[in-house]
Amino acid sequence: MTIGIIGAGNIGQALAKRISSAGMEASISNSRGSESLSSLARELGPGIKAAPRQDAAKADIVFLAVPWAAHNEAVSDLPPWNGRIVIDAMNAVSHGPGGLAPLDLGGRPSSEVVAEHLPGARVVKAFNTLPAAILASNPQEAGGRRVVFMSGVDQDAKATVAQLIRELGFAAIDLGDFETSRKVQQVPDGALAAVNLVRIA
């Protein structure tokens, strides 16, 4: 299984650090090209390499971790998805003087909107509720594993993502489809936004 990350901001870097810490490999990309990420990739840990966006998007599982306003451009001109999995780690928010504010998507779940820009991809919402610093840290805490919530409509894709979540050291909790999870998983107003839970099992 290959892993790509589109987006090298705080969340993208946190995911790369956790992937490296778990002994896995990933390609990380941004809009400025792989040359701009060479030194950062070395800092993120063994197994992380800088790659062009088009190459990162060819992975079996691709994390989409860019600001919401940039996501449409970030997935333009990419190879056909052909059933590959995209993990939507974004939140549909604006950044203002008062902090984060949810964008009006007409009542639609944000991942449903994302999926429309990714024809042929199997989209799963995950890794969007925790701050970057927590995502990058050791997920084993208090005798358990830190919880990562996920949602989606493709059961096989969710099973694959749940396995990846476990391999990264977390515990996966499936919230259901995008609409079912919309009110609890979406930052900043969702009931589970920034909630750091540990599953003891």
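Our structure's up above, just so we're on the same page.
Definitions and limits used
- Residues numbered from 1 in each chain as written.
- Predicted model: local features only at pLDDT ≥ 70, side-chain atom pairs only at ≥ 80, totals over all residues.
- Heavy atoms only, no water.
- Helix = DSSP H or I, 4+ residues; strand = E, 2+ residues; numbered from the N terminus.
- Buried < 20%, exposed > 50% of the residue type's maximum accessible area, 1.4 Å probe, protein only.
- Contact = heavy atoms within 4.5 Å.
- Pairing = 2+ DSSP bridges.
- Polar contact = N/O pair within 3.5 Å; in protein donor to acceptor, adjacent residues only side chain to side chain.
- Expected span 1.5 Å × (residues − 1).
- Arc of directions from axis to C-beta.

A. Looking closely at the overall build of the protein. Secondary structure summary: the protein contains eight helices and 12 strands in total. In terms of principal-axis extent, the alpha carbons of the protein reach across some 40 × 40 × 40 Å. For the protein, the proportion of its 201 residues judged to be buried stands at 49%. Considering only residue pairs separated by 6 or more positions, the protein has 66% of its internal contacts joining residues 24 or more positions apart.

B. Examining the environment of V153 more closely. Within the fold, V153 resides in the loop between β10 (144-152) and α7 (155-167). Here V153 falls in the exposed class, since its relative accessible area comes to 60%. Here the alpha-carbon distance between V153 and R122, two residues 31 residues apart in the chain, equals 8.5 Å. Once residues within four sequence positions are removed from consideration, V153 is found in contact with D177 and F178.

C. Looking closely at the pairing of strand β2 (residues 26-29). Every second residue of β2 is oriented toward a common face, with A26 and I28 on one face and S27 and S29 on the other, all of them buried. Relative to β2, strand β1 (residues 3-6) runs parallel, the two sharing three bridges. In the strand pairing of β2, I5 is matched with I28.

D. Looking closely at the side chain of S181. On the secondary structure map, S181 appears in helix α8 (residues 178-185). One polar contact links S181 to S151, side chain to side chain, over a distance of 2.9 Å. Residues within four places of S181 in sequence aside, it is in contact with S151, L175 and Q186.

E. Up close: α7. In a regular helix each residue adds 1.5 Å, so 13 residues correspond to 18 Å; α7 covers 18 Å between its end C-alpha atoms and thus fits that length. Every buried residue of α7 is accounted for by A157, K158, V161, A162, L164 and I165. In a view along the axis of α7, the buried residues occupy a sector of 160 degrees, so they form one face of it. Seen from the open side of α7, the exposed residues pointing more than 90 degrees away from its buried face are Q155 and D156. Where the residues of α7 are buried, they touch β1, β4 (61-64), β5 (85-88), β8 (122-126), β10 and β11 (171-174). N-cap assignment for α7: the residue whose side-chain oxygen lies 3.1 Å from the backbone N of D156 is D154.

F. Highlighting α8. For α8, the complete set of buried residues consists of F178, S181 and Q185. For α8, the arc enclosing every buried residue in end-on projection is 75 degrees, short of the 170-degree limit, so these residues lie on one face. Turned more than 90 degrees from where α8 packs its buried face, T180 and K183 sit exposed. At its buried positions, α8 is contacted by α5 (110-116), β8 and β10.

G. Looking closely at the environment of R122. Within the secondary structure, R122 sits in strand β8. Using a relative accessible area of 27% as the deciding quantity, one classes R122 as partly exposed. It is 5.8 Å that separates the C-alpha atoms of R122 and G83, two residues lying 39 residues apart in sequence. The residues touching R122, leaving out its near neighbours within four places in the chain, are G83, R84, I85, V86, D154, D156 and A157.

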